[in-house]
Amino acid sequence: MVGTAPATAEELLRPALVNYGHYTTMQARGGRVRGLAHHLDRLDGANRELFGTGIDRELVCDRLRWALDRVAPEVTVRITVFDRGGSATAGVGVAPEVLVTTSTPIYPDFSPMRVRSAVHQRVLPHLKHMGTLGLMHERRMARRDGFDDVLFTDAGGRVSEGSIWNVGFFDGERIIWPDAPMLTGITMRLLGEALDGRCEFREIRLGDLPELRSAFAVNSITPGRPIASIDDVRFAVDSDLIALLSETYDSVPWDRP
């Protein structure tokens, strides 16, 4: 949707062909989403960096409401912000377009997964942007080789993030998030706020993994999917920890745009 109406094929041509833009993704239930203020902050910050201007929050909420009022009660929502005319890539400030799309809802998957590490860092890793070829390629290569997904590190083995998820660790007392260039996910942020005092950021390298008890993946779909192994390091599947993450996330209120 570009404008408060269904988008035309012509309007969708630019984001289909040029990957300069940013987005945020969320699960919607009954016309509501979790962490709406954080999603708006994410869009605003990315917009200032990529387009030189803040986002119109009321416009985003208006278009999000319009879309949610016309679809099934449970959907996946993506809000994409892009420059239809191409002026931004020429160095000119623009008022970019806001595109709201909905698709089939995705439900949490709590099955333990096997992950392998790969040396990779996204361009502008703190932004959720449309340049996803690198991460998708690394994910595909990991799955081709029998793993469920991929975890990114730098050349020195410093852990950052998964392909489309944040990674968290548990040492038996505290939840640890990697201190490295990465995207701070909305679910990760909401869990951190709700579990204030029980989480910390710490530099973690591959060599540190055997010292950690558990590992888990977090994104807009699943608030805590256990990671059974990273490369040849195995972790305990801590059902109490996963239950805590799920219950904590379930306690976060739903927001109406």
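Residues numbered from 1 in each chain as written. Predicted model: local features only at pLDDT ≥ 70, side-chain atom pairs only at ≥ 80, totals over all residues. Heavy atoms only, no water.

Engineer: How should I be thinking about the environment of Leu135 in this particular structure?
Structural biologist: Relative to the assigned elements, Leu135 resides in helix 4 (residues 133-144). Accessibility expressed as a relative area gives 6% for Leu135, which makes it buried. Spatially, the C-alpha atom of Leu135 lies 28 Å from that of Arg29, the residues being 106 residues apart in sequence. Setting aside anything within four residues of it in sequence, one finds Leu135 in contact with His120, Arg122, Phe152, Ser163 and Ile164. (Helix = DSSP H or I, 4+ residues; strand = E, 2+ residues; numbered from the N terminus. Buried < 20%, exposed > 50% of the residue type's maximum accessible area, 1.4 Å probe, protein only. Contact = heavy atoms within 4.5 Å.)

Engineer: Mind showing me how you'd approach the packing of helix 2 (residues 36-51) against helix 3 (residues 57-68) here?
Structural biologist: When two helices pack together, their arrangement is given by the angle between their axes and by how far apart the axes lie. Contact geometry for helix 2 and helix 3: axes closest at 11 Å, N-to-C directions at 125 degrees. When the axis of helix 2 is compared with that of helix 3, the two are oblique. In the packing of helix 2 onto helix 3, the handedness of the crossing is right-handed. Of the residues in helix 3, those touching helix 2 at Leu36, Ala37, Leu40, Asp41, Leu43 and Asp44 are Arg57, Val60, Cys61 and Leu64. Across the contact of helix 2 with helix 3, the residue classes tally to 7 nonpolar, no polar and 3 charged. (Axes fitted to C-alpha atoms, helices over the stretch in contact; angles between N-to-C directions. Parallel < 35°, antiparallel > 145°, perpendicular 65-115°, else oblique. Left-handed = near helix turned anticlockwise from the far one by under 90°. Nonpolar A, V, L, I, M, F, W, Y, C, P; charged D, E, K, R; others polar.)

Engineer: Please clarify how the side chain of Ser117 should be interpreted in this entry.
Structural biologist: Mapped onto the fold, Ser117 is located in strand 5 (residues 113-119). Here Asp231 takes part through its side chain, which lies 2.6 Å from a polar atom of the side chain of Ser117. Look past the residues within four positions of Ser117 in its chain and what remains in contact with it is Val150, Leu151, Thr153, Leu206 and Asp231. (Polar contact = N/O pair within 3.5 Å; in protein donor to acceptor, adjacent residues only side chain to side chain.)

Engineer: What exactly am I supposed to notice about unusual backbone geometry here?
Structural biologist: Glycine aside, the phi torsion of most residues is negative, and most peptide linkages are trans. If you check the backbone angles, Leu124 has positive phi at about 45 degrees while not being a glycine. In this structure, Leu124 sits in the loop between strand 5 and helix 4. The exposure class assigned to Leu124 is partly exposed, which follows from its relative accessible area of 33%. Residue Asp231 is not a glycine yet carries a positive backbone phi of 55 degrees.

Engineer: What is the right way to read helix 4 from this model?
Structural biologist: Working note: α-helix, 3.6 residues per turn, so residues spaced by three or four point in the same direction. Taking 1.5 Å per residue as the helical rise, helix 4 with its 12 residues ought to reach 16 Å, and the 16 Å between its terminal C-alpha atoms agrees with that figure. Inspection of helix 4 places Leu135, Glu138, Arg139, Met141 and Ala142 among the buried residues, and these make up the whole buried set. Within helix 4, the buried residues cover an arc of 160 degrees as seen down the axis, which keeps them to one side. Those residues of helix 4 that are exposed and angled more than 90 degrees off the buried face are Leu133, Arg140 and Arg144. Those residues of helix 4 that are buried lie in contact with strand 5 and strand 6 (149-153). (Expected span 1.5 Å × (residues − 1). Arc of directions from axis to C-beta.)

Engineer: Mind showing me how you'd approach helix 6 (residues 239-250) here?
Structural biologist: Counted at 1.5 Å a residue, the expected span for helix 6 with its 12 residues is 16 Å, and the 16 Å between its end C-alpha atoms agrees. If you check which residues of helix 6 are buried, you get Leu241, Ile242, Leu245, Ser246, Thr248 and Tyr249. Viewed end-on, helix 6 has its buried residues packed into an arc of 165 degrees, placing them on one side of the element. Structural note: helix 6 exposes Ser239, Asp240, Glu247 and Asp250 on the side pointing more than 90 degrees away from its buried face. Packing partners of the buried residues in helix 6 comprise strand 2 (32-34), strand 8 (166-170), strand 9 (175-178), helix 5 (186-194), strand 11 (214-218) and strand 12 (225-230).

Engineer: Can you help me understand the sheet that holds strand 4 (residues 97-103) in this one?
Structural biologist: The pairing of strands in a sheet happens through backbone hydrogen bonds and is either parallel or antiparallel. Spatially, 4-3-1-2-14 is the arrangement adopted by the 5 strands of the open sheet, whose pairing is antiparallel. With one partner strand each, in any of the chains shown, strand 4 and strand 14 (254-255) form the two edges of the open sheet. The sheet contact formed by strand 1 (residues 21-29) and strand 2 spans 2 bridges and is antiparallel. In the sheet register, Arg29 faces strand 2, and the bridge partner there is Arg32. In the packing of helix 3 onto the sheet, the strands contacted are strand 1, strand 3 (74-82) and strand 4, and the crossing angle to strand 4 comes to about 30 degrees. (Pairing = 2+ DSSP bridges.)

Engineer: Help me understand the pairing of strand 8 in this model?
Structural biologist: A regular strand places its side chains on the two faces of the sheet in alternate fashion. Judged by how many residues are buried, strand 8 sits mostly within the fold: 5 of 5 residues are covered. With burial as the criterion, each face of strand 8 is covered, one bearing Asn166, Gly168 and Phe170 and the other bearing Val167 and Phe169. With 5 bridges connecting them, strand 8 and strand 11 associate as antiparallel partners. Counterpart to Phe169 in the pairing with strand 11 is Ala215. Where strand 8 lies against strand 9, 2 bridges are found, and the strand directions are antiparallel. Across the sheet, residue Phe170 finds its bridge partner in strand 9, namely Ile175.

Engineer: Which parts of the structure should I look at to understand the layout of surface pockets?
Structural biologist: Empty space among the atoms becomes apparent when a probe as large as a water molecule is rolled across them. There is about 570 Å³ of room inside the largest pocket. Sorting the residues of the lining of the largest pocket by element identifies strand 1, helix 2, strand 3, helix 4, strand 7 (159-162) and helix 5 as the ones contributing at least two each. Among the elements that make up the lining of the largest pocket, the one with the highest residue count is strand 1 (3 residues). Here the residues of the lining of the largest pocket sort into 12 nonpolar, 14 polar and 5 charged. If you add up the space inside the second largest pocket, you get close to 270 Å³. Every element with two or more residues in the lining of the second largest pocket is listed here: strand 1, strand 2, helix 5 and helix 6. Taken together, the residues of the lining of the second largest pocket break down into 12 nonpolar, 5 polar and 3 charged. (1 Å grid on protein atoms, 1.4 Å probe; cavity = no way out; pocket = protein on both sides within 12 Å on 5 of 7 lines; lining within 4 Å. Points joined across faces, edges and corners; volume = space filled by probe spheres on them.)

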